[in-house]
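Okay, here's what each chain looks like letter by letter:
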Amino acid sequence: MTAILKTNRRRCLALIGAVGLALAAPSVALAQDGEPVKMGLLVGLSGDMGPWAPALNNAAILAVEEINADGGILGRPVTLIAEDNNSTVDGAMRGATKLVSVDGVSVIIGPESDPIVALRGYAKDNKIPVISTSGGTEALDDAGGTGTYIYRTNASDSFLGVVHAKMLLDEIKQDEVVLVVENLEGTKSGAETFKRAYERLGGTITKEITLAPGQTSYLSELADVASAEPEMVFLAVGQTAGVNFVKQAYQRGYEWDYWVTAELQSPDFVNAVGAEVAAGAMNPVSSQVEGAKSWERFSDAYEARFGEKPEPGFYQAETYDAFIAVALAMEAAGETTGEAVDANLIKVSGPGGKSVISFADGVAALKAGEEIDYEGASGKLDFDEHGNVTIPATRLLKVSEDGEWETVTIVDSSAFPAN
Amino acid sequence: MEGLILFAVSISTLGAIYAMLCLSLNLESGNGPLWDLGIVSFFGIGAYTYTLLTADPALEQQSFLLGLGLPMWIGAIGAAAGGGIAAWLIGLPTLRLKREYFLIATLAFAEIIRQVFANENWLTNGVAGIYGLRQPFKSYFDAADYSYVLLALTLCGLAFTWYVTRRIIASPFGRACKALRENEPLAITAGIDPQKTSIRLFMISGALSGFAGMFYVWYNTLIIPGQFVADLTFFIWAALIIGGIGNQRGALVGGFIFIFLHDSLRFLQVSGEMAVAFTSLRTALIGLALILILRFRPEGIFAERPVRFDLPALKREARDA
């Protein structure tokens with residue numbers, strides 16, 4: 001029952017204000033003529049994905065504002081409609097139905113792993129492309145592509161598994177780890193793919209330990225880990241379990257090095273366990289190659305708009321790219337339907353054609369009759385036939401002595417074996 | 001306008017599934033003496049049983065048992081049977097407990113069962129779940145119209161649940177349950193066996209919840225352990241309390257009202273940045289409704305009505321006959 005009643009006073013006040021504003025202010029006058037083109041963002045604003053969703057929402061706002069500033073799609077303004085999927089499967093169904101049937105969006109961007117898997121049939125039946133920007137699930141490895149209306153702009157867990165394995169083996173020469181996994185879909189899937197790749201590439205997992213979610217004490221699991229006398233512990237766990245585990249290990253005097261997955265790669269984790277304890281923890285995140293113009297352009301624009309830099313590993317760039325690529329697909333098709341997007345999305349994002357890094361450039365090139373290849377802020381964004389992308393580079397992050405996630409090195413991962 | 005209808009159809013389908021669970025919960029907790037905080041377990045067991053019986057065999061990267069590809073009507077029977085049998089097994093030890101203690105035990109069992117869904121990979125494919133599940137009669141209809149078909153099917157399921165629960169409540173067995181709820185010692189003196197009556201009631205309710213699980217699978221086309229968390233139990237309880245516990249009509253509308261309240265705020269358009277803060281208001285709205293109802297209408301929208309037996313009239317009838 002607490003979940004129902006839990007709310008936050010400040011947020012509540014802000015909301016009351018917002019409702020007032022929404023009711024009082026008539027719709028803002030639009031610069032362009034014509035019916036607006038509606039694009040839907042469907043993410044877990046409430047529920048488990050709540051902490052990550054605002055970042056995705058910001059990226060969507062940035063992309064849509066940019067498209068509108070550059071004249072809109074086919075001269076029509078773009079409206080962003082953000083909808084909550086409660087981070088659940090039936091929430092995704094209701095949210096999608098609302099976006100498509102009531103609002104009339106022609107594309108849905110953002111659903112995470114379980115939500116997008118649930119929308120596979122829905123996307124095809126309604127001819128509405130659904131594009132995940134943060135869902136790593138292996139269920140999408142061969143599910144998408146033109147005609148299926150399913151795409152994703154972030155890398156699959158099966159590829160990230162290879163990335164973890166290669167970085168451990170090649171960059172820090174660690175060929176033995178103890179694997180600690182929390183029993184959740186996201187963390188388990190990530191750990192499985194890592195294990196497969198690591199063992200195939202010559203690493204050894206000396207012990208594997210599963211954490212049950214939601215425990216306050218992991219002392220017996222810690223003892224288990226300690227019995228293997230590890231140098232490095234690979235932590236595929238969520239925030240709550242991760243914080244408990246690492247804190248309790250510290251209290252017991254275990255001085256292991258930690259290699260963590262994206263779930264722990266946040267300032268919150270460092271703040272919760274303390275900089276002194278977290279220092280040295282490492283995590284590789286997907287990234288643009290160093291100095292890529294498309295990333296810098298996006299990063300600057302994001303900072304100018306929201307007053308903070310986009311955080312690596314938060315999927316802002318992936319979300320931004322999805323919106324821009326869809327807008328370009330609509331421009332290329334000359335219409336804004338879901339079918340047009342499905343038919344053109346892979347074409348406009350390359351490879352082949354003139355390389356462009358912004359919506360305005362893309363439109364100009366299309367007007368000049370050229371083929372285009374959108375280079376995203378997150379990577380090259382070259383979809384394969386299953387609607388998946390690879391990541392061009394991997395950024396190895398490490399927590400410094402004063403608790404900041406700092407980049408140790410950037411490695412070209414475009415030639416890593418697919419899985 | 002048509003879009004609005006389609007959305008209404010989608011949330012009504014979910015509302016109908018909630019209403020089925022409310023009716024089932026009302027049968028045991030409203031009309032009967034069993035305070036069940038584990039209704040989600042039978043719902044989940046029904047959904048999983050249905051899936052394992054009717055789904056295609058597991059793919060290479062999946063691992064789950066069965067996948068027999070059986071017809072859906074067998075799945076429906078299996079879902080109800082699964083829920084009923086699970087209720088029997090859980091009922092054996094827990095029904096020895098009274099009220100609050102029974103409530104705690106069922107909550108614990110619900111969590112254990114969710115852990116089974118999440119951990120027994122060989123049976124359920126674990127936390128990754130089973131996806132791409134078929135919906136009934138889909139190939140006979142245009143994809144765009146299918147949501148109406150699904151709503152119609154779900155409403156049939158709801159009508160069936162309504163009919164069964166109504167008949168049970170009106171039957172001597174239903175009155176025995178109510179007697180146990182009101183005054184157990186008195187019921188015993190009237191010759192009612194609390195143990196036997198309770199376990200039968202618990203099994204019927206479990207079977208109805210399991211049956212509702214099948215519709216949930218149809219609605220979502222996939223199944224994962226995360227769908228069957230304790231939140232759902234509390235949602236159903238909240239819906240039943242809003243509608244009116246102990247009243248069939250209350251249980252029926254409670255499920256719909258809960259879903260409509262929850263989704264009504266989707267229609268208030270706010271700017272992009274406010275969307276994040278705004279969504280948290282949705283569950284708060286349900287909480288507010290619950291508080292207001294408990295304050296001003298503590299018996300729910302439809303209060304339970306006492307059943308009156310006009311004894312002199314009945315006597316007269318018996319004499320005349």
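Residues numbered from 1 in each chain as written. Chains lettered and ligands numbered in written order. Predicted model: local features only at pLDDT ≥ 70, side-chain atom pairs only at ≥ 80, totals over all residues. Heavy atoms only, no water.

Time to look at the interface of chain B and chain A. At the junction of the two partners, chain B supplies 49 residues and chain A supplies 45 residues. In total, about 4000 Å² of surface goes out of reach between chain B and chain A, with carbon and sulfur atoms giving 63% of it. The three residues of chain B that bury the most area against chain A are Val 127, Arg 266 and Val 276 of chain B, which together make up 15% of that side's buried surface. The interface formed by chain B and chain A contains two salt bridges. (Contact = heavy atoms within 4.5 Å. Buried area = accessible area lost by both parts, 1.4 Å probe. Salt bridge = Lys/Arg side-chain N within 4 Å of Asp/Glu carboxyl O.)

For the rest of this paragraph, the subject is the packing of aromatic side chains. Residues and elements named next belong to chain B. Scanning the model with the defined rule gives 24 aromatic pairs over all chains in all. Plain terms: the ring middles of Tyr 50 and Trp 218 are 6.1 Å apart, the flat faces sit at 80 degrees to each other, and that makes the pair edge-to-face. Here the residue Tyr 50 occupies a position in helix H2 (residues 39-54), and Trp 218 occupies one in helix H9 (residues 194-220), the gap between them amounting to 168 residues. When sorted by exposure, Tyr 50 lands in the same class as Trp 218, which is buried. Considering the side-chain rings of Phe 235 and Phe 258, the 5.2 Å spacing of their centres and the 45 degrees angle between planes classify their relative orientation as tilted. Of this pair, Phe 235 sits in helix H10 (residues 230-243) while Phe 258 sits in helix H11 (residues 248-264), and the two are 23 residues apart along the sequence. Neither Phe 235 nor Phe 258 differs from the other in exposure class; each is buried. (Phe/Tyr/Trp six-rings, centres within 6.5 Å; stacked < 30°, edge-to-face > 60°. Helix = DSSP H or I, 4+ residues; strand = E, 2+ residues; numbered from the N terminus. Buried < 20%, exposed > 50% of the residue type's maximum accessible area, 1.4 Å probe, protein only.)

Once that is clear, we can look at the UniProt feature "transmembrane region" (unreviewed entry) in chain B. Residues and elements named next belong to chain B. As recorded in UniProt, the feature "transmembrane region" (unreviewed entry) lies at residues 6-27, 34-53, 65-89, 146-165, 201-218 and 274-296. A distance of 30 Å separates the end C-alpha atoms of residues 34-53, which is 75% helix and 0% strand. For the annotated span residues 274-296, helix accounts for 100% and strand for 0% of the residues, and the straight-line distance between the end C-alpha atoms is 32 Å. (UniProt positions renumbered as here; feature names shortened; annotations may be inferred.)

A word on a negative patch on the surface. Residue and element names in this part refer to chain A. A contiguous patch of negative charge, built from Glu 276, Glu 401, Asp 402, Glu 404 and Glu 406, is present on the exposed surface. Checked against the element boundaries, Glu 404 lands in the loop between strand E13 (393-399) and strand E14 (405-412). For Glu 404, a relative accessible area of 48% gives the class partly exposed. (Patch = residues over 30% accessible without salt bridge, like charges linked within 9 Å, V, L, I, M, F, W, Y side chains within 5 Å. Areas by Shrake-Rupley, 256 points an atom, 1.4 Å probe, with all protein chains shown as cover. Lys, Arg positive; Asp, Glu negative; His and termini not counted. Charge placed at Lys NZ, Arg CZ, Asp CG, Glu CD.)

Our next topic: a nonpolar patch on the surface. All names here are of chain B. Together, Met 1, Leu 4, Ile 5, Tyr 148 and Phe 267 make up an exposed nonpolar region whose accessible area comes to about 490 Å². Following the sequence through the fold, Ile 5 ends up in helix H1 (residues 2-31). Since its relative accessible area comes to 38%, Ile 5 is described here as partly exposed.

To continue, consider the pairing of E13 of chain A. Residues and elements named next belong to chain A. The buried fraction of E13 is high, at six of seven residues. For strand E10 (residues 282-287) and E13, the ladder comprises six bridges, and the chain directions are antiparallel. Across the sheet, residue Asn 283 finds its bridge partner in E13, namely Leu 397. Adjacent in sequence and paired antiparallel, E13 and E14 are bridged by five residues, among which Gly 403 carries a positive phi angle near 85 degrees. (Pairing = 2+ DSSP bridges.)

On to the nonpolar core, then. Nonpolar side chains in soluble globular proteins tend to end up buried together. Core analysis: the biggest nonpolar cluster contains 97 residues, and Ile 108 of chain A together with Phe 228 of chain B have the highest contact counts within it. Looking at this core element by element, the count peaks at 13 residues for H1 of chain B. In this view, Ile 108 of chain A contacts Gly 40, Leu 42, Ala 96, Leu 99, Val 100, Ile 128, Pro 129, Val 130 and Ile 131 of chain A; residues no more than four positions away in its chain are not counted. (Core = buried A, V, L, I, M, F, W, Y, C linked by side-chain atoms within 4.5 Å.)

This next bit is on the sheet that holds strand E2 (residues 78-84) of chain A. All names here are of chain A. Spatial strand order, E2-E1-E3-E4-E5: five strands in an open sheet with parallel pairing. Both edges of this open sheet fall to E2 and strand E5 (150-152), since each of them pairs with a single strand only. Against the sheet, helix H14 (residues 316-333) engages strand E1 (37-43), E2, strand E3 (108-109) and strand E4 (130-132), with an angle of about 155 degrees to E1. (Axes fitted to C-alpha atoms, helices over the stretch in contact; angles between N-to-C directions.)

On to the pairing of E1 of chain A. Residue and element names in this part refer to chain A. The buried fraction of E1 amounts to six of the seven residues, a majority that puts the element mostly inside the structure. Strand direction decides the pairing type here: E1 and E2, joined by seven bridges, are parallel. By the bridge assignment for E2, Leu 42 is matched with Glu 83. In this region the chain leaves E1, passes through helix H3 (residues 53-69) and returns to the parallel neighbour E2; the handedness of that crossover is right-handed. Alignment of E1 against E3, held across two bridges, turns out to be parallel. The partner of Gly 40 across the bridge, within E3, is Ile 108. (Right-handed = clockwise from strand over helix to strand, strands pointing away.)

Another aspect to go through is helix H15 (residues 338-348) of chain A. Each turn of an α-helix holds 3.6 residues, which means side chains three or four residues apart point in the same direction. All names here are of chain A. Along H15, the positions that sit buried rather than exposed are Gly 338, Ala 340, Val 341, Asp 342, Asn 344, Leu 345 and Val 348. Looking at the buried side of H15, the elements it contacts are E4, E5, H14 and strand E12 (372-374). Looking at the residues trailing H15, positive phi occurs at Gly 350, about 85 degrees.

This brings us to the packing of H1 of chain B against H11 of chain B. All names here are of chain B. Running from N to C, H1 and H11 cross one another at 140 degrees; their axes reach a closest spacing of 7 Å. By the angle class used here, H1 and H11 are oblique. You can see that H1 and H11 cross each other, and the crossing is right-handed. Residue-level inspection shows Phe 7, Ile 11, Ser 12, Leu 14, Gly 15, Ala 16, Tyr 18, Ala 19, Cys 22, Leu 23 and Asn 26 of H1 in contact with H11, the latter providing Gln 248, Ala 251, Leu 252, Gly 255, Phe 256, Phe 258, Ile 259, Phe 260 and Asp 263. Residues that form the contact of H1 with H11 fall into these classes: 14 nonpolar, five polar and one charged. (Parallel < 35°, antiparallel > 145°, perpendicular 65-115°, else oblique. Left-handed = near helix turned anticlockwise from the far one by under 90°. Nonpolar A, V, L, I, M, F, W, Y, C, P; charged D, E, K, R; others polar.)

Quick look at the domain arrangement of chain A now. Residues and elements named next belong to chain A. Split into domains, chain A comes out as domain 1 (37-154 + 315-374) and domain 2 (158-279 + 393-412). Taking only C-alpha atoms into account, the centre of domain 1 sits 32 Å from that of domain 2. Facing five residues of domain 1, the contacting portion of domain 2 comprises six residues. In this structure, the salt-bridge partner of Arg 196 is Glu 138, at a minimum N-O distance of 3.0 Å. (Domains from an automatic or database assignment.)

Residues and elements named next belong to chain B. Take Phe 173: it is sitting in helix H7 (residues 172-182). The class for Phe 173 is buried, based on a relative accessible area of 14%. Residues Phe 173 and Leu 201, 28 residues apart in the sequence, show an inter-C-alpha distance of 8.8 Å. Aside from chain neighbours lying at most four places away, what touches Phe 173 is Ile 168, Thr 197, Arg 200, Leu 201 and Ile 204.

Residue and element names in this part refer to chain B. Under the counting rule described, the total for this entry stands at zero disulfides over all chains. For the unlinked cysteine Cys 22, the closest cysteine sulfur is that of Cys 177, found at 19 Å. With a relative accessible area of 0%, Cys 22 lands in the buried category. Of all cysteine sulfurs in the structure, the one in Cys 22 sits closest to Cys 156, which takes part in no disulfide; the separation is 19 Å. (Disulfide = S-S within 2.5 Å.)

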